[in-house]
Amino acid sequence: MSDLGIDSARASAELALVRRLALAALEALERERQRIDGLNVYPVPDGDTGMNLVLTVRALVEELGPTESSGRVTFRRDFARALLMRARGTSGVILSQIVRGAVEAAPVSGSIDGRALAAMLERSRDAAYSAVAKPAEGTVLTLMRELADEARRRKRKSLTLQQRLDGLVERGEQALERTREQSPILSEAGVVDAGAAGLLACLRAIARAVAGEPAVVEVPALKLVSS
Amino acid sequence: MQLQKTALGQLFVSSRAIAQIAERSLDECYGVVGLGRGARIRRAFALRRRHGVEVIPSAQGGVELTLAVVIAYGLNLAEVAATVRSRVSYEVERVTGLEVARVEVRIDDVRSRD
């Protein structure tokens, strides 16, 4: 009985932590929405990538709402269903695949070490790539692949979670910058990929939140701001 | 289908070419893991069926497309269908200049990509 109480308290604390991280990501996306919309020239230049990501992550936060702690297993199942139903637009659908992969591969108990983080990001990458016949380069998929590579490269090094996340953000910044050259459409427009910029904004916010820093960050200047 | 008419002559594009363009953009659509078997030709004037893409000239000089697709299991079908519709019509209009009057998306199957 007391064991159950401890487990339940732990599950509830973990849920609160995940919710805090998701909220940090949502705040970052809401702040950067217009900039991300302005980057949206591919696949259809309809300037809705930022909004789609905001709606998708907002749905995710709502699903993580102040509910009874239910343990990781039920939580995963509910969460996957919610993500499936509430993802918006291509970028939202891809983000929901990324989150679903990470949640599925997250350890059932214990903390997230190098190996667990690498397993989560590799599952995210695989889930993201699994739903497209011919993945284009210079998209959020490319960024996801690089993040998974980075996590795997450093999985055996003795680092804190914070150091790992900071390393991922750094690699992500470089990968995002490279999307500019990876796609002819992006290089013609002189922009980085909108979906990738959104994913990196989430990752940056999560890294800050884990560090306990305030979520507000300086955004590197990018060409083509939403008019 | 006629694209241009100038003093020197006219420019036509075949429905086969349009189907090819649609098919290429379908390959890169997120959520689409394959093409369907193609729509059964109900109408005698359906010009060309190319795998999952059927191209029919519309009354106003544009085209109507029917896309038969296979979607990845686990995704929100309505959301994927909406993005397929906007992406393929954008691409066909961008490349040909023809108006895409209508896009029917038919989900033939749902499966995991192996």
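The structure contained in this document is the topic of the report that follows.

Rules used in this analysis
- Every residue gets a number counted from 1 within its own chain, in the order that chain's sequence is written.
- For naming, the first written chain is A and the first written ligand is 1, with later ones following in the order written.
- Side-chain atom pairs in this predicted model are given and counted only at pLDDT of 80 or more, local residue features only at pLDDT of at least 70, and totals for whole chains, interfaces and linings cover all residues.
- Labels follow the DSSP assignment, with helices taken as runs of H or I lasting at least four residues and strands as runs of E lasting at least two, numbered in each case from the N terminus.
- To sort residues by exposure, count the other C-beta atoms lying within 10 Å of each residue's C-beta; 20 or more gives buried, 12 or fewer gives exposed, and values between give partly exposed, all with C-beta atoms placed from the backbone.
- The contact rule is simple: place each C-beta atom from the backbone, and if two of them lie within 7 Å, those residues are in contact.
- The term nonpolar core refers to a group of buried residues, namely Ala, Val, Leu, Ile, Met, Phe, Trp, Tyr and Cys, whose C-beta atoms join them within 7 Å.
- For a helix, the expected span equals 1.5 Å multiplied by the number of residues minus one.
- Note that the arc is defined by the directions from the helix axis to the C-beta atoms.
- At least two DSSP bridges between two strands are needed for those strands to be called paired.
- Consider the strands pointing away from the viewer: the crossover is right-handed when the path from the first strand over the helix to the second runs clockwise.
- Three classes are used, and their members are as follows: Ala, Val, Leu, Ile, Met, Phe, Trp, Tyr, Cys and Pro are nonpolar, Asp, Glu, Lys and Arg are charged, and the others, Gly among them, are polar.
- Orientation is described by axes fitted as lines to C-alpha atoms, over the contacting stretch for helices, and by angles from 0 to 180 degrees between their N-to-C directions.
- Each angle is binned into one of four classes, with values under 35 degrees roughly parallel, values over 145 roughly antiparallel, values of 65 to 115 roughly perpendicular, and all other values oblique.
- Left-handed describes a crossing whose near helix is turned anticlockwise from the far helix through less than a right angle; right-handed describes the clockwise counterpart.

1. Quick notes on the overall build of chain A
Counting its regular elements, chain A contains 9 helices and 0 strands. For chain A, the α and β elements follow one another from N to C terminus as α-α-α-α-α-α-α-α-α. Going through the 227 residues of chain A one by one, you find that 44% of them count as buried. For chain A, contacts bridging at least 24 residues in sequence account for 71% of all contacts bridging at least 6.

2. Section: the nonpolar core
Core analysis: the largest hydrophobic core is formed by 88 residues, its most contacted members being Ala25(A), Leu67(B) and Val84(B). In terms of residue count, the dominant contributor to this core is helix α9 (residues 194–211) of chain A (12 residues). Not counting residues up to four positions away in its chain, the partners in contact with Val84(B) are Leu26(B), Cys29(B), Val32(B), Leu67(B), Val69(B) and Val105(B).

3. Digging into helix α7 (residues 161–182) of chain A
Residues and elements named next belong to chain A. Its 22 residues give α7 an end-to-end C-alpha distance of 30 Å, which sits within 8% of 32 Å, the value for a rise of 1.5 Å per residue. Listed as buried for α7 are Arg164, Leu165, Leu168, Gly172, Ala175, Leu176 and Thr179. On an axial view of α7, the arc spanned by its buried residues comes to 110°, and they lie on one face. More than 90 degrees from the buried face of α7, the exposed residues found are Glu170, Gln174 and Glu181.

4. A closer look at the pairing of strand β7 (residues 100–111) of chain B
Residues in a regular strand point their side chains to alternate faces of the sheet. Residue and element names in this part refer to chain B. Judged from the 10 bridges that link them, strand β6 (residues 63–72) and β7 form a sheet pairing that is parallel. Among the inter-strand pairings, Val63 is bridged to a residue of β7, identified as Val100. In terms of handedness, the path from β6 via helix α2 (residues 77–96) over to β7 forms a crossover that is right-handed.

5. Concerning the environment of Arg76(A)
Residue and element names in this part refer to chain A. Looking at where Arg76 falls in the secondary structure, it is placed in helix α3 (residues 71–86). Note: C-alpha distance between Arg76 and Glu188 (112 residues apart in sequence) is 41 Å. Those residues in contact with Arg76 that lie beyond four places of it in its chain are Val103 and Glu104.

6. Some details on the interface of chain A and chain B
Across the contact, 16 residues belong to chain A and 19 residues belong to chain B. Counting only elements with at least two residues in the side of chain A that touches chain B, the list comes to α3 and α4 (89–105) of chain A. Ranked by residues supplied to the side of chain A that touches chain B, first place goes to α4(A) with 4 residues. Grouping the amino acids of the side of chain A that touches chain B by side-chain chemistry returns 11 nonpolar, 3 polar and 2 charged.

7. A look at the packing of helix α1 (residues 15–27) of chain B against α2(B)
Residue and element names in this part refer to chain B. Here α1 crosses α2 at 135°, and the two axes come no closer than 9 Å. Taken as axis vectors, α1 and α2 run oblique relative to one another. With respect to the hand of their crossing, α1 and α2 are arranged in right-handed fashion. Facing Ile18, Ile21, Ala22, Ser25 and Leu26 of α1, the residues of α2 in contact are Val84, Arg87, Val88, Glu91, Val92, Val95 and Thr96.

8. Some words on the environment of Arg178(A)
Residue and element names in this part refer to chain A. Within the secondary structure layout, Arg178 lies in helix α7. Classification of Arg178 by C-beta neighbours within 10 Å gives partly exposed; the count is 17. Distance in space between the C-alpha atoms of Arg178 and Thr142 is 9.6 Å, their sequence separation being 36 residues.

9. Things to note about the packing of helix α2 (residues 49–63) of chain A against α4(A)
Residues and elements named next belong to chain A. Two elements in contact, α2 and α4, have axes separated by 7 Å at closest approach and are oriented at 40°. If you check the angle between α2 and α4, you find them oblique. When you trace α2 past α4, the crossing you get is right-handed. Contacts between α2 and α4 involve Thr49, Asn52, Leu53, Leu55, Thr56 and Leu60 from the first element and Gly89, Ser91, Gly92, Leu95, Ser96 and Val99 from the second.

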